[in-house]
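# Residue-level structural notes
Spelled out from the first residue to the last, the chains are:
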There are 2 protein chains.
Amino acid sequence: MIDFKIKQVSQDLRDSILNAINQKTKPVGSLGKLEDIALQIGLIQGSINPELIKPSIVVFAGDHGVAAEGVSAYPAEVTPQMVLNFVSGGAAINVFTKQHGIDLHVVDAGVNYTFESDEVIDCKVGFGTKSYLYEQAMTKIELNECFAYGIKVADRIIDSGSNIIGFGEMGIGNTSSAALIMSEVCFLPLQECVGKGTGLDSEGLNRKLEALRDAKKTHPNLVTPEDILCAFSGFEIAQMTAAMLRTADRGAVILVDGFISTSAFLLAAQIDPNIIDYAIFSHCSDESGHGKMLDYLQVKPVLDLQLRLGEGTGCALAYPIIESAVRFLNEMASFESADVSEAI
Amino acid sequence: MIDFKIKQVSQDLRDSILNAINQKTKPVGSLGKLEDIALQIGLIQGSINPELIKPSIVVFAGDHGVAAEGVSAYPAEVTPQMVLNFVSGGAAINVFTKQHGIDLHVVDAGVNYTFESDEVIDCKVGFGTKSYLYEQAMTKIELNECFAYGIKVADRIIDSGSNIIGFGEMGIGNTSSAALIMSEVCFLPLQECVGKGTGLDSEGLNRKLEALRDAKKTHPNLVTPEDILCAFSGFEIAQMTAAMLRTADRGAVILVDGFISTSAFLLAAQIDPNIIDYAIFSHCSDESGHGKMLDYLQVKPVLDLQLRLGEGTGCALAYPIIESAVRFLNEMASFESADVSEAI
């Protein structure tokens, strides 16, 4: 696997940025999380006047062998159907990216369908993973291919001028992968990681939990992130992991979406812990394990809207708040410039 | 006091709107709070295709006699200074309203300063309220004047074509008024209502709490909302109360901001409980009592960003999420139109 050497973000400007924030015409600290975000982006960019350029969201799509085991409320053909919906502009992520002027990139990481549209970026590693109930989801070779593609996608978006990328996904069955990854990385029992996904009833949830318990038995002794990825990941999750790492490596801001996007981030952070400096967590999803993933990473999300949709929708909805953070730092008057008295 | 007869929102379209939401290409319920907001606005407007027109935020400003008692971290002259900052575009609310194309209206409800700018709407009832430590903050006549002005301001904004108004404020000392109002309306001890406002230290907080305990002793036996308003309100809070009532009366959407804005809403809801159907609560503020106000009203805020700034900033930051709710309802494809399979 390609080696990443992400630079820790320099703290040199911390005092200058905090000072600029505190000189704005508002009580100290009164913009709450926006102040944290402004500081973080200032540090990432090494600037007291950071800017967000060509905000982008990339949606990695892939199919999962395990979907045949009845772990999802939706049939597997919904993966390609939704990719086509992204291309024709009818999905939630289309609506929200259009609203905020965010560029949307759709990647076929391994959907069980042959797309003919130029608007789907072809990174196909296969027509879906194998079912991890019986074998590894993907081979080491396929994983390496996923990493090469993920890096290429991040490079392509960053080379187009973007300095902030949100990471979303589409893949029927992929909350199962994410739950298994979470269980391995966070050392938590599956019970705490498995949720209803797109909307399983309690019977479906039990079936999912049983299937994933079997999957864990099929793959004991997973040690490295690569082991976990080969055993349980989807092509879309593996590509996302690599693309996140590359994004941080190139100094751009990572917006993490929900449960599946955060599972990719968990693995990325195992591969290179310095990635954390570059990541903003858009929201806490309604999928039950997500809050615990965020706790494990010791991070606070921007939004809590009980979303459980994926597609990068949380990134798109959080984006205007992130933009507000950068804007207040750049555009607000200071006590001195506005001739406003400071605290007594 | 003028009588309000706000119509309860008709539930006639509830099933149709819910059906439209559930037919969108997403798992049922997966857009969380956005679905609740879409339904609410659809019901308010009586339409399956609601729209937000000319979003507006109005900031009512007023000075408080009690500010002389050391209840705020900032000197009273900051009220007019910040109003001038709003006019020259340097405050946080300017940055966020500009970002989202929201019209900003600034009202002098009773600041201790004479503004010469046409951009400040003149609704001056006086040069600040009296200190409620010794007497009523305002007379019944002044309260009636506040109500007449508040109604006029709401009418002016709605007549200009707006159908959604956010309510913010500026007034050094006004978290003290809000805490007293909260204590009276919610029947809670002051201890649970008083917070650090713009940033008091623990000594300042104790001083504030003591002062407000004295104020309550000065004004026992307050019964009606009018009694509470005359005793403890600011001119800006009283005008906001009336403007919120008028906004609902005219069928427009109310965006409530933080602690002070919600105190005005508490009174408005006492005057006419039907107002609740028209209100969206932008955020939960970091001011300690605000969460309890929202609990009292049994409402869930859109955002939780640890803001404690006022000015309507929470309304402005929540606005894009509210817009997203309306947009997904209008713009997303349905399962049928996008040829996507539904749940098994």
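Residues numbered from 1 in each chain as written. Chains lettered and ligands numbered in written order. Predicted model: local features only at pLDDT ≥ 70, side-chain atom pairs only at ≥ 80, totals over all residues. Heavy atoms only, no water.

Now for the interface of chain B and chain A. Counting residues at the interface gives 55 residues for chain B and 55 residues for chain A. Taken over both partners, the interface formed by chain B and chain A buries close to 4500 Å², and the fraction arising from carbon and sulfur atoms is 62%. Three residues, B:Tyr74, B:Gln99 and B:Leu305, lead the burial of chain B against chain A; their summed loss comes to 12% of the area buried on that side. Put simply, B:Glu331 and A:Lys98 hold a salt bridge, and the shortest N to O gap is 4.0 Å. Summed over the shared surface of chain B and chain A, the number is 22 residue pairs in polar contact (both at pLDDT 80 or more). Those elements giving two or more residues to the side of chain B that touches chain A turn out to be α2 (32–45), α3 (78–88), α4 (92–100), α12 (313–331) and α13 (335–338) of chain B. For the side of chain B that touches chain A, a count of residues per class yields 29 nonpolar, 14 polar and twelve charged. (Contact = heavy atoms within 4.5 Å. Buried area = accessible area lost by both parts, 1.4 Å probe. Salt bridge = Lys/Arg side-chain N within 4 Å of Asp/Glu carboxyl O. Polar contact = N/O pair within 3.5 Å; in protein donor to acceptor, adjacent residues only side chain to side chain. Helix = DSSP H or I, 4+ residues; strand = E, 2+ residues; numbered from the N terminus. Nonpolar A, V, L, I, M, F, W, Y, C, P; charged D, E, K, R; others polar.)

Scanning the entire structure with this criterion turns up ten aromatic pairs over all chains. Seen from their ring centres, A:Tyr132 and A:Phe232 are 5.5 Å apart, and the 90° between their planes marks the pair as edge-to-face. Residue A:Tyr132 is found in the loop between β3 (120–122) and α5 (140–159), and its partner A:Phe232 is found in helix α8 (residues 225–232); the two are separated by 100 residues along the sequence. Residues A:Tyr132 and A:Phe232 agree in their burial class; the two are buried. For the pair A:Phe335 and B:Tyr74, a centre-to-centre distance of 6.5 Å together with 15° between the ring planes defines the contact as stacked. Here A:Phe335 is found in helix α13 (residues 335–338), whereas its partner B:Tyr74 is found in the loop between β1 (56–62) and α3 on a different chain. Among the residues examined, B:Tyr74 registers a relative accessible area of 8% and is labelled buried. Of note, A:Lys124 hangs over the ring of A:Phe127, and the distance from its end group to the ring centre comes to 4.5 Å. (Phe/Tyr/Trp six-rings, centres within 6.5 Å; stacked < 30°, edge-to-face > 60°. Buried < 20%, exposed > 50% of the residue type's maximum accessible area, 1.4 Å probe, protein only. Lys NZ or Arg CZ within 6 Å of the ring centre and 35° of its normal.)

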